[in-house]
Amino acid sequence: MAFEPPHLSRRILRGDVLDFLADPGFLPPHEAPGVRFRPDHRVLIDQQRIQAVVPADQALPPDWAAVPEEDHRGRLILPGFIDTHVHCPQLDVIASFGTELLDWLNTYTFPAETRYADPAVSELGARRFLQALWSHGTTSAMVFATVHKVSADALFAHAAATHMRLITGKVLMDRHAPDGLRDDVAQAERDCIDQIQQWHGKDRQSFAVTIRFAPCSTPEQLVMAGALCAAYPGVYMQTHVAENRAEVAWVSELFPDARSYLDVYDRDGLIGERGVLAHGIWLDDNDLAVMREHGAQIAHSPSSNLFLGSGLFDWRRTEAAGVNVSLASDVGGGTSLCLLRNMADAYKIQAMQGQRLTAWKALYTATAGAAKHLGLADEIGLVEPGLFADLAVWDLAVSDVTQHRLGLASNLHEQVFAWMTLGDERNLVTTLVAGHTRFSRAS
Ligand code: GUN
Ligand code: ZN
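Let me begin by describing the structure that accompanies this report.

Calculation criteria
Residues numbered from 1 in each chain as written. Chains lettered and ligands numbered in written order. Predicted model: local features only at pLDDT ≥ 70, side-chain atom pairs only at ≥ 80, totals over all residues. Heavy atoms only, no water. Helix = DSSP H or I, 4+ residues; strand = E, 2+ residues; numbered from the N terminus. Buried < 20%, exposed > 50% of the residue type's maximum accessible area, 1.4 Å probe, protein only. Core = buried A, V, L, I, M, F, W, Y, C linked by side-chain atoms within 4.5 Å. Contact = heavy atoms within 4.5 Å. Donors = N, O, S within 2.8 Å, 3.2 Å for Na, K, Ca; no water. Tetrahedral: all angles 85-135°; square planar, octahedral: opposite > 155°, others 65-115°. Expected span 1.5 Å × (residues − 1). Polar contact = N/O pair within 3.5 Å; in protein donor to acceptor, adjacent residues only side chain to side chain. Near = heavy atom within 4 Å. Areas by Shrake-Rupley, 256 points an atom, 1.4 Å probe, with all protein chains shown as cover. Nonpolar A, V, L, I, M, F, W, Y, C, P; charged D, E, K, R; others polar. Salt bridge = Lys/Arg side-chain N within 4 Å of Asp/Glu carboxyl O.

1. Details of unusual backbone geometry
In this model, Val331 is joined to Gly332 through a cis peptide bond whose omega is 5°. Position of Gly332 among the secondary structure elements: in the loop between strand S13 (324-327) and helix H11 (339-351). For Asp40, which is not glycine, the phi torsion reads 45° and is therefore positive. Structurally, Asp40 is set in strand S2 (residues 35-46). A positive phi is found at Ala242, a non-glycine position, where the angle reads about 45°. Of note, Ala242 is situated in the loop between strand S10 (236-241) and helix H6 (245-254). Given a relative accessible area of 1%, Ala242 falls into the buried group.

Shown next, in the form of structure tokens:
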């Protein structure tokens, strides 16, 4: 057996480490709990995981002396971002002009997704998509593939090969979609069970029962989806809810017996603590109470809500009702995979409602908060010994204007908020997934 010196599986990153030990809530920046800033520290990585985080002026353990240091002094080292709602095939339609949700689906999205029946398209699409996540600072994601089993298989295979934390599953849709983009209840059930058996719990993969949205599933398919959630309690559930007013009206026509859009899912047992529902802009108080009772979360998708003109999500009201909120790009309704840009959009959405979102709250939500709500806090979300080395290194400024602005900042929040608001993927220096470099700006 080949002998590998221990340091070859080890790395040391040096920089300013920022992560969050508690929810900063909607408190002013200087009152927010949980902010952990560790300037000039070394992150020691052994194989796939973080071994230690130590001040740079502290001596290293002797067996780490030969490990070369990757010097990122003056840069931020953050946990990789967690995007809780994004569509792999929709890189093909990002930035499509001129429509709201239902037209957008029919005009751009459904035709593009039809192409993923071809295994070669699915394979290439999965590789392109995961690489794109990494090059935007995202290391974990909950992803919509297409209705085609092969599209989710390709994502699982590529994520498993790169030891990336991924949650996905073939999309359920058996009506109101074009030929080539519909399944049926029996085939869909077989495909889901196959994927659960093949992928769920393998490496860092989890299966999600993935319902496109209520209008695209027959009542029979929703019953089947609920039965899957009951039969396999470890799986996730993802779907869309109450995104757009015309969509909400259509759901009430299609399901006249349901109390509300959310109730269509709830009555079939689809709302649980592993449920992630995108948008939730137009939920009523009753719906929020149901979400809270079951511990399900809303994947707030700011750039998508703005781009598709869907509405202004009331983040404070949703959390005040006890509902968990995570952050998502929702590409291709969303206009950027970069969660920094989505944070900047989230800030503006709250500002339009007279609320303020701190950088602490936004960053917590995209890291430790998402990890907690997904039940993955022992794996991702912090720069902490024992967790996976899923990390992103960021330049605070790559433009003269940002550099100038940061030079005038009088405290850490002011600096980090300006970075969050002015920065994007061009600020990203490198991304590590399970200790492996998956993106490097230099390359
Ligand atoms: N509702 C149903 N499908 C979709 C989708 O692909 N994107 C968004 N934003 N909403 C949806
Ligand atoms: Zn979506």
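2. A closer look at the nonpolar core
Core analysis: the biggest nonpolar cluster contains 111 residues, and Val209, Tyr265, Leu277, Met343, Trp394 and Trp419 have the highest contact counts within it. Per-element accounting of this core gives the leading share, seven residues, to helix H12 (residues 359-373). Ignoring any residue separated from it by four or fewer positions in sequence, one finds Trp419 in contact with Leu76, Leu78, Leu340, Leu363, Trp394, Asp395, Leu396, Leu406 and Asn427.

3. Here's the deal with the coordination of the zinc ion (ligand 2)
Of the protein atoms, only His85 (NE2), His87 (NE2), His240 (NE2) and Asp330 (OD) coordinate the zinc ion (ligand 2), at distances of 2.0 to 2.2 Å. Around the zinc ion (ligand 2), the four donor atoms sit at angles spanning 91 to 165°, and that spread fits a shape best called irregular. Counting the intervening residues between successive donors of the zinc ion (ligand 2) yields the motif H-x1-H-x152-H-x89-D. Here His85 is found in strand S5 (residues 81-87), whereas its partner Asp330 is found in the loop between S13 and H11, with 245 residues between them in sequence. On the basis of relative accessibility, which here comes to 1%, the residue His85 falls in the buried class.

4. So, helix H2 (residues 119-134)
The terminal C-alpha atoms of H2 lie 23 Å apart, and with 16 residues this matches the ideal 22 Å at 1.5 Å per residue to within 8%. Within H2 the residues assigned to the buried category are Ser122, Gly125, Ala126, Phe129, Leu130, Ala132, Leu133 and Trp134. Buried residues belonging to H2 abut S5, strand S6 (138-144), helix H3 (149-161), strand S7 (165-168), strand S15 (428-433) and strand S16 (436-440). Put simply, Asp118 is the residue that caps the front of H2, since its side-chain oxygen is 2.9 Å from the backbone nitrogen of Ala120.

5. Some words on the site of ligand 1
Residues in contact with ligand 1, as listed here, are His87, Gln90, Leu101, Trp104, Leu105, Arg212, Phe213, His240, Glu243, His279, Ser304 and Asp330. Note that an oxygen atom of ligand 1 is positioned 2.6 Å from one of the side-chain N or O atoms of Arg212. Glu243 is positioned with one of its side-chain polar atoms (N or O) 2.7 Å from a nitrogen atom of ligand 1. If ligand 1 stood free it would expose 280 Å²; the protein chains cover 100% of that surface. With three residues, helix H1 (residues 101-114) is the single largest residue contributor to the shell around ligand 1. Considered class by class, the residues forming the shell around ligand 1 number four nonpolar, five polar and three charged.

6. Overview of the side chain of Thr218
Tracing the chain through its elements places Thr218 in the loop between strand S9 (205-211) and helix H5 (219-231). A distance of 2.7 Å separates polar atoms of two side chains, one belonging to Thr218 and the other to Asp174. Ignoring any residue separated from it by four or fewer positions in sequence, one finds Thr218 in contact with Asp174, Arg175 and Val185.

7. Some thoughts on the pattern of salt bridges
In total, this model carries 31 salt bridges according to the counting rule given. Of the charged contacts in the structure, one is a salt bridge between Asp63 and Arg10, with a shortest N-O distance of 3.4 Å. On the criterion of sequence distance, the pair formed by Asp63 in the loop between strand S3 (49-55) and strand S4 (69-79) and Arg10 in strand S1 (residues 10-20) is long-range, its members being 53 residues apart. In this structure Asp63 comes out as partly exposed when scored by relative accessible area, which is 48%. For Arg441, the salt bridge identified is with Asp395, shortest N-O distance 2.6 Å. Taken together, the positions of Arg441 in the segment after S16 and Asp395 in the loop between strand S14 (391-394) and helix H13 (400-407) put the pair 46 residues apart, joining distant regions of the chain. Asp395 sits in the buried class, given a relative accessible area of 13%. One connected set of salt bridges, linked through shared partners, spans Arg14, Asp40, Arg42 and Glu69.

In short, shape yes, function no, at least from these values alone.
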